Amino acid sequence: MKIFNYGSINIDHIYQVPHLVQPGETLSSTHYKQVLGGKGANQSIALARAGASVMHIGRCNKADSWAVRLLEDAGVNCQLVELVEQPSGHAIIQVDQQAENSIVLFGGANQSFTEDDIAQSLAAAVKGDWLLLQNECSHIDRAIEYAQHKQLKIVLNPSPMLADLASFPLDKVSLLVVNEVELSQILNTADLSCAQMVAQVRERFPKMDVVITLGAKGAMWVNSQEHIQVDAYKVEVVDTTAAGDTFLGFLMAAISRKESKQAALIAGCKASSLAVQTLGASSSIPTAEQVAAL
């Protein structure tokens, strides 16, 4: 079973700051680091390190070929990654002393795909394969339509939450993975208890599986018949960047091995608890061996 990940490849510029910059403020950074990032790249690396077979569909500038080499070194199949003339997607990330972050994102080459490009990239996918999507690349709605036509299983992590999400054919998605904030935005509600989340998800998405990450409260899997919740691991948090991507990668790898929903949630929580203890995005993603040893 293959997982095709149509996702962003970004160059992350990470600045450690005393606090997140306020409007009109100039603030000195105490540390700077440039690393491979992008939700797509992070999730592909997490999938590969968790032992899944993942093919990345993406683009970056020719000058940033080092980013593709890092993906390959992690075990990601990059046959469908293109080096192009457009500037790479990149992110300016602030991380404060409480490990909270603020991110400014530029789409760049991630936004250069046409509908035909997506169809060509998925030509080798067969019924039963998975397509993983975020919301940092172009024509995500058409990718869902095309994947459904090919009878692929579709996983959507709709981040960043943009206005175009309302036009997505969510009824064709097999698994929706969101955090509490993203779920509130989709449902147009706020401050829901776990029980209220379950009820709202079942009402809005009666035929869909939904995984909700709850930060320090862990994560839960909800569908019309099941509500499975697991606790988070208590660790010292250094940087939450890519924690959600790490969770999703290890969750999906467990699903691809046909492990139980609870085992998949536990794997995701274990992996993300290790990721938040290290500064950076892709550099913080643990290996399957490190997660197994936890």
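The structure displayed is predicted, hence computed values, not measured ones.

**Student:** Explanation requested: the layout of surface pockets in the structure shown.
**Tutor:** Leftover empty space is mapped by rolling, across the atoms, a probe with the size of a water molecule. Empty space within the largest pocket amounts to approximately 1500 Å³. As for the largest pocket, its lining consists of 50 residues, and the residues nearest its centre are N179, T240, A242, A243 and G244. Elements that contribute at least two residues to the lining of the largest pocket include exactly β2 (10–16), α1 (39–49), β6 (89–95), β7 (101–106), β10 (175–179), α5 (180–187), α7 (243–256) and α8 (261–275). Ranked by residues supplied to the lining of the largest pocket, first place goes to α7 with five residues. Here the lining of the largest pocket is composed, by residue class, of 24 nonpolar, 17 polar and nine charged. As a volume, the second largest pocket reaches approximately 230 Å³. Forming the walls of the second largest pocket are 15 residues, and the residues nearest its centre are W130, S174, D209, W221 and K261. In terms of residue class, the lining of the second largest pocket is built from six nonpolar, two polar and seven charged.

**Student:** Help me understand the side chain of S282, please; the structure alone is not making it clear to me.
**Tutor:** Secondary-structure assignment places S282 in the loop between α8 and α9 (288–293). For S282, a relative accessible area of 7% corresponds to the buried category. Here L36 takes part through its backbone oxygen, which lies 2.9 Å from a polar atom of the side chain of S282. Ignoring any residue separated from it by four or fewer positions in sequence, one finds S282 in contact with L36, N42, I45 and R49.

**Student:** Is there a simple way to explain the pattern of salt bridges in this structure?
**Tutor:** Pairs can form between side chains of opposite charge whenever their charged atoms are close. Going through the model one piece at a time under the given rule, you end up with 11 salt bridges. Here K2 and D129 are joined by a salt bridge, their closest N and O atoms 3.4 Å apart. Of this pair, K2 sits in the segment before β1 (3–6) while D129 sits in the loop between α3 (115–121) and β8 (130–133), placing them 127 residues apart in sequence. With relative accessibility at 4%, the residue D129 sits in the buried group. Of the charged contacts, one joins E145 and K172 as a salt bridge, the two residues approaching to 3.9 Å between their closest N and O atoms. You can see E145 sitting in helix α4 (residues 140–149) and its partner K172 sitting in the loop between β9 (153–156) and β10, a full 27 residues away along the chain. Overall, the relative accessible area of 27% leaves E145 in the partly exposed class. What makes K172 partly exposed here is its relative accessible area of 24%. A single network of salt bridges, built from pairs that share partners, joins R59, E82 and D117.

Rules used in this analysis
Chains are numbered independently. Their residues run from 1 in the order of the written sequence. Residue-level local features of this predicted model are given only where pLDDT is at least 70; pairs of side-chain atoms are given and counted only at 80 or more, and the full residue set underlies all totals for whole chains, interfaces and linings. With hydrogens and water stripped out, all remaining heavy atoms of the structure feed into the side-chain values. Note on definitions: the grid is 1 Å and covers protein atoms alone; a cavity is a set of points where a 1.4 Å probe fits but cannot get out; a pocket is an open set with protein on both sides within 12 Å along at least five of seven lines; lining residues have an atom within 4 Å of a point. Grid points are joined across faces, edges and corners, and a volume is the space filled by probe spheres set on the points. Each helix corresponds to a stretch of at least 4 residues labelled H or I by DSSP, and each strand to a stretch of at least 2 residues labelled E; elements are numbered beginning at the N terminus. Gly falls in the polar group here, along with every residue not listed as nonpolar (Ala, Val, Leu, Ile, Met, Phe, Trp, Tyr, Cys, Pro) or charged (Asp, Glu, Lys, Arg). Throughout, exposure labels follow a simple rule: accessible area from a 1.4 Å probe, protein chains only, divided by the maximum for the residue type, with under 20% read as buried, over 50% as exposed, and the rest as partly exposed. Throughout this description, a polar contact denotes any pair of N or O atoms lying within 3.5 Å of each other; where both atoms belong to protein, one of them has to be capable of donating a hydrogen while the other can accept it, and for residues adjacent in sequence the pair is counted only when both atoms sit in side chains. Working rule for contacts: check all heavy atoms of both residues, and any pair within 4.5 Å makes them a contact. Take a side-chain nitrogen of Lys or Arg and a carboxyl oxygen of Asp or Glu: if they are within 4 Å of each other, that pair is a salt bridge.

Purely spatial values, then, with no claim about function.
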